Amino acid sequence: MSQHYAITMPQLSDTMTEGVVVTWEKQAGDRVERGDIVATVETDKAIMDVEVFKAGYLAGPLADVGATIAVGAALGYITDTAGDVAIASGEVVAEKAPTEMIPHHAGTPVVMPQLSDTMTEGVVVTWEKQPGDVIKRGDIVATVETDKAIMDVEVFQEGFLSGPIADVGSVVEVGHPMAFIVDDAAKANDTGVTISADHKVKDTHKVAPPSVDRPALIPMPKAAPAQVSAAGTMPPVARPQGRQASPYARKVAAQLGVNLTGLAGTGPSGVIVAADVARARPSMAEVAHALPQVDVPGQGRAMTSMEKAVSHAMTASLTLPTFNVTVNIDTAALTAAAKAKKVSVTVAIAKACSVAMAKFPRMNWAYQPVDKLVERSNHDFGVAVMSNDGGLVVPILHGIEKKPLEALQGDWTGLVERARVRKLAPAEYANPTFTISNMGMLGVSHFTAIPTPGIAAILAIAANGPQGTPFTITGDHRVLNGADVALYLTTLKQTIEAPDAWMAGGAAAEAVAGKAATVSTPVSPIPEGNWDFPVVVVGGGPGGEDCARDLAEHGIKVMMVNNEPFPGGECLWRGCIPSKAWRAAADVIRNRAHDAEMGVDGTNTPKLNWAQVEKHRRWVQTSRGDMALKADRGMKIDVREGFGEFVDAHTLKITPVESEPYTVSFGAAVIATGAPAFVPPIPGARDNLATGGVVTSDTIWNLASPPKKLGIVGGGVIGVEMAQIFRDFGTEVLMLERNDRILAEVEEEIAKVLIASLEKEITVVTSAAINEVSGKPGVMKLRYANKDGVESVFDCDVVLMATGKRPDTGRLNLDKVGVELDGAAIRVNARCQTSMPHIYAVGDVIGGYMLAHTAATQGRVVAGNLLGHASEYDQDKDCGVTFSRPQAGFVGLSVAQAKAKGIDAVEAKMPMSIDAKAMITGETEGMIKLVADKATGRIIGVHYLADHTDTLIGIGVMMVAGEMTLTQVAKAIFPHPTQTELFGELARRLLNRLRRTAKK
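Predicted model only: the values in this text are computed from it and were never measured.

A. Here's a closer look at the overall build of the protein chain. Along its length, the protein chain carries 22 helices and 52 strands. Expressed as a percentage of the 1000 residues in the protein chain, the buried residues total 48%. Restricting to contacts in the protein chain with at least 6 residues of sequence separation, those with at least 24 account for 64%. Carbon and sulfur atoms make up 54% of the accessible area of the protein chain, which amounts to about 44,700 Å² in all.

B. Highlighting the confidence of the model for the protein chain. Chain-level pLDDT for the protein chain is 85 on average; 88% of the residues reach the 70-or-more range. This model gives residues 212-230 a pLDDT under 50, and the stretch forms 57 contacts once residues within four places in sequence are excluded. Taken together, the stretch residues 505-523 has pLDDT below 50 and engages in 35 contacts with residues farther than four places along the chain or on a different chain.

C. Highlighting the state of the cysteines. As enumerated under the stated definition, the model contains zero disulfides in all. In this structure C571 is a free cysteine whose sulfur lies 3.1 Å from that of C576, the closest cysteine sulfur available. In this model C832 remains outside any disulfide bridge; the closest cysteine sulfur is found in C547, 9.4 Å from its own. Residue classification places C832 among the buried positions, given a relative accessible area of 1%.

D. Seen up close, the sheet that holds strand β27 (residues 396-397). Pairing within the open sheet is mixed, and its six strands lie in the order β21-β30-β29-β28-β24-β27. At either margin of the open sheet sits one strand with a lone partner, and together these are β21 (322-329) and β27. In this sheet, strand β30 (residues 469-476) lies alongside β21 in antiparallel orientation, the contact comprising eight bridges. The residue of β30 that forms the bridge with F323 is G475. Taken strand by strand, helix α8 (residues 482-497) contacts β21, β28 (434-438), β29 (457-461) and β30, and its axis lies near 25° from that of β21.

E. How the structure looks around the packing of aromatic side chains. Applying the stated criterion to the full structure yields 13 aromatic pairs. Its end group placed over the ring of F533, K557 keeps NZ or CZ at 5.0 Å from the ring centre.

F. Quick peek at the environment of I839. Examined against the element boundaries, I839 turns out to sit in strand β47 (residues 839-841). Residues I839 and V817 lie 22 residues apart in sequence; the distance between their C-alpha atoms is 9.1 Å. The contacts of I839, once residues within four sequence positions are left out, are F646, A649, A669, I671, V817, V819, Q833 and T834.

G. View of a nonpolar patch on the surface. Where nonpolar side chains cluster on the molecular surface, the patch consists of M386, L392, M439, M441 and L442 and spans about 510 Å² of accessible area. Looking at the secondary structure, you find L392 in strand β26 (residues 392-393). Residue class for L392 comes out partly exposed when judged on its relative accessible area of 47%.

H. Looking closely at the sheet that holds strand β17 (residues 171-173). Strand order in the open sheet made by the four strands is β14-β13-β11-β17, with antiparallel pairing throughout. Only two strands of the sheet have a single neighbouring strand rather than two, namely β14 (150-154) and β17. Strand-to-strand twist of the sheet, defined as the mean angle between neighbouring strand axes without regard to direction, takes the value 45°. Inspection of the sheet shows strand β13 (residues 140-145) paired to β14 by five bridges, in the antiparallel sense. The residue bridging T143 from the neighbouring strand is D152, located in β14.

I. Molecular detail of the packing of helix α5 (residues 332-341) against helix α6 (residues 345-357). Two elements in contact, α5 and α6, have axes whose closest approach is 9 Å; the angle formed by their N-to-C orientations is 115°. Between α5 and α6 lies a crossing of right-handed hand. Facing α5, whose interface residues are L334, T335 and A338, α6 presents V345, A348 and I349. Of the residues that constitute the contact of α5 with α6, the class distribution is five nonpolar, one polar and no charged.

J. Examining α5 more closely. Within the sequence span of α5, burial applies to L334, A337 and A338. Within α5, the buried residues cover an arc of 100° as seen down the axis, which keeps them to one side. Exposed and facing more than 90 degrees away from the buried side of α5 are A332, K339 and A340. Of the surrounding secondary structure, the elements contacted by the buried residues of α5 are α6, α8 and α9 (500-503). K342 sits one or two residues past α5 and shows a positive phi near 60°.

K. Up close: the packing of helix α13 (residues 576-591) against helix α14 (residues 610-634). Running from N to C, α13 and α14 cross one another at 140°; their axes reach a closest spacing of 9 Å. Judged by the twist between their axes, the crossing of α13 over α14 is right-handed. Counted together, I577, P578, A581, W582 and A585 of α13 and W610, V613, E614, R617, V620 and Q621 of α14 form the full contact between these two elements. Looking at side-chain class alone, the contact of α13 with α14 contains eight nonpolar, one polar and two charged residues.

L. Structural detail: the pattern of salt bridges. One pass over the full model with this rule turns up 44 salt bridges. Through salt bridges with shared partners, one network takes in R583, D587, R590, D728, E761, R885 and D947.

M. Inspection of the pairing of strand β36 (residues 662-671) at higher detail. Along β36, eight of the ten residues are buried, which leaves the element largely enclosed by surrounding structure. Sheet analysis places strand β31 (residues 533-538) next to β36, joined by five bridges and oriented parallel. Counterpart to V536 in the pairing with β36 is A669. By the bridge criterion, four bridges tie strand β35 (residues 651-655) to β36 in an arrangement that is antiparallel. Bridging from a neighbouring strand, T651 pairs with S665 of β36. Between the antiparallel neighbours β35 and β36 lie six residues.

N. The arrangement of unusual backbone geometry in detail. In this structure, P61 follows G60 across a cis peptide bond, with omega equal to 0°. If you trace the backbone, P61 turns up in the loop between β6 (56-59) and β7 (68-70). The omega torsion of the bond from G163 to P164 falls at 0°, within 30 degrees of zero and hence cis. Backbone geometry places N813, a non-glycine residue, at a positive phi of 60°.

O. How the structure looks around the environment of N562. By the secondary structure assignment, N562 is in strand β32 (residues 558-562). Overall, the relative accessible area of 4% leaves N562 in the buried class. Sequence-distant contacts of N562, that is, excluding residues within four places in its chain, are made with G539, G540, P567, R640, E641 and G642. At a separation of 3.2 Å, a polar atom in the side chain of N562 contacts the main-chain amide nitrogen of G540.

Rules and cut-offs
- Residues numbered from 1 in each chain as written.
- Predicted model: local features only at pLDDT ≥ 70, side-chain atom pairs only at ≥ 80, totals over all residues.
- Heavy atoms only, no water.
- Helix = DSSP H or I, 4+ residues; strand = E, 2+ residues; numbered from the N terminus.
- Buried < 20%, exposed > 50% of the residue type's maximum accessible area, 1.4 Å probe, protein only.
- Contact = heavy atoms within 4.5 Å.
- Areas by Shrake-Rupley, 256 points an atom, 1.4 Å probe, with all protein chains shown as cover.
- pLDDT = per-residue confidence, 0-100.
- Disulfide = S-S within 2.5 Å.
- Pairing = 2+ DSSP bridges.
- Axes fitted to C-alpha atoms, helices over the stretch in contact; angles between N-to-C directions.
- Phe/Tyr/Trp six-rings, centres within 6.5 Å; stacked < 30°, edge-to-face > 60°.
- Lys NZ or Arg CZ within 6 Å of the ring centre and 35° of its normal.
- Patch = residues over 30% accessible without salt bridge, like charges linked within 9 Å, V, L, I, M, F, W, Y side chains within 5 Å.
- Salt bridge = Lys/Arg side-chain N within 4 Å of Asp/Glu carboxyl O.
- Left-handed = near helix turned anticlockwise from the far one by under 90°.
- Nonpolar A, V, L, I, M, F, W, Y, C, P; charged D, E, K, R; others polar.
- Arc of directions from axis to C-beta.
- Polar contact = N/O pair within 3.5 Å; in protein donor to acceptor, adjacent residues only side chain to side chain.

Here it is in structure tokens:
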């Protein structure tokens, strides 16, 4: 039976709690000996080597480069089974491989870096330093050629360059030495070696003087083997009859749809390993070489890396069933507008393609073996450029759908400069989603371009003629049909010929263009007719009220039906506002515990005045409710109290509290009825709602006094907030959660730290089975069992069911108007439009984030659409705060959420304990995390655990909503001493790490 050992993140110092993976010096499947360096990691001190003292084979899953790994957590694994590159899913590895971290030191090899996922070897092009030269951190010592580009080799050690040095033209495997760095000039030697294409040393000699010109003929790297991944949840295929196959190979086979029967195995004793499965799905090079080869007379030379890559890609394109569609477009207006904007026509065309693609997202998809479609929303367009040596290079403009023209032009200027000398980084040329080739500048009157695997369409632009400029799309028929492409080109024609519609308004308008721009003036979707009201809004919470106000501000006659005397909904009367009034009182009590540390004595015995707490709470609520109602009526919103239900597609029945029902006709309707608290079918739970022995987030406000003992069922945001509030009020709290952790909505690491803090104050039982609730108010019993099945009873005054909310649309009669549901919630699109185009829904009733500001945002989105301005709700830019102590918060995406969307994301974090202001106020618990898109540097997420998250989160909101980059935030000036300084520090730290890892 195989033995596996975990390679864990070592601890360098007492202050070290985690490290960041910088490089892997060994790859999965490599033989590892005692004393080998397998990886380098960045700690809070330096960049260190990870040395192992266990022989075997390196196995995955390996931590990603850039990943933050806690001390003691696994970086990867060592196994004694050759051939496997990853241990099977679910295997528990308890034993650890002894490891040690050592600083980079003199005598360190300069190894061939892996510059792309497919690279296995590179060719030495130049040596920028010579033996004996002084080497400093960050120096470029050599350039190497991959199958994509010529790249710099940057080192991070200091010393002197020393041989043996691989000659120019040598083919060196990834991770193998090209030269060495020693700590003493006297130790440097000038030995050179010639390494052949099969990686064998052919000759040893003194290093020759540097050549002025690059050699005409050099050995070229072999084609990279097919890359495999077993990501996903598909179960492994069965073992083939009478054969052995590794668990990882069987999982890869399931992902790729490979039949293992008859497959040759190259592992020990003929075991089928993952590489064998990969070979069953040919790479581009294997496709090219598998075709019949026709002999050609003459003496051939070896292709350059670029020539080979192009050859293989073009041959692989023969596997695509393609078709062509051409439209002539007048580009004069676009050319003039681009000139006025001081951007190149190339950039303007790329942006126009992105704007048009917002309506036809399928153009940006790709076919994936076997029988899958990759649906991509990121517009990363490859644009062909001629390199100085005559080759064709395709640098990628990233994030075109998000960026304004000025930013794209800045990106493009640098890309072209690097592309012409073939100095692109891997992220700058790998994996475009759409490609543009403009041969019109060369006078070509008409041509078709060839798409390669990984894109569904390529655009060929020819020279301008009497009928305009021919724009020809060649499409992959597995993804696109003729109508798709024809409609896209028609829209692209309108976009290019009327550029002012999407270029006007500067950077802000450009940032919106990728999602919301249209090529013609939109028409109001409010159906025309002799309606009592053009729009009715059913529900007066934040979603309904903000929608009604936006419509009224634009002169639309709108009626808002609300089944309560005042607007405000759950937020004002049963949620955000009253709970924060309680939280504010609890904060005053909690904060007094820190006064003595700062030199203020005698304040550590505060006393709760419940009557005054409640008086203050109700004053805030009634004041805000009265203000809202007066504001709504002042804006000419027709506010009606009563319950609304649909009679038909354009008629609403309203049942007032005390008078007779009546009906009104409407053109469009907005449903904003919220969602009540959900009580699960626990024996006795619903029965005791009426008595008050069981309360929910809707009814807890009826408590006469804080309970002495409180049982809480549910460990979400509501449960946690209430648990800490009542704990500060002096209540003993037990929290029960049926899942394996509380705070499932919160980013995992933030939740872990907060949970540890909570468990010091309250009793938390996870994986709990709640068996029964019984008793009467003041004398309740909560019977439950822990994860081991051991049953207990908690005696308490009251039980809070904090088990979330669930929409209840039963009384709306949605079936009469054809509005579809998604489970209990109303199904809507990104515009909050239901299955009936003139009926919209917002807020809790549609599920998703059940937050007041989310509902309000969606209400404004609907108002925009009803007014004829295309608008969408983007959950990836939403945010939330859990009013615990410290407060947890999020804006945008976590790393895990980003990667699930196909975004290569990276994060940096800083503890509050290093912040000067937090140290001064004694609020050092928690952290702030910054998440960025590695390809574009755009900040896509911020996560908080801090005492003042409710204030600090505004900066994160602006960074994510404004699509700011790490560079912009790093250059921003933050005041000292404030906790806002952490954002600049985080951005700079993450930028530095990305620079280092990009060079490795």
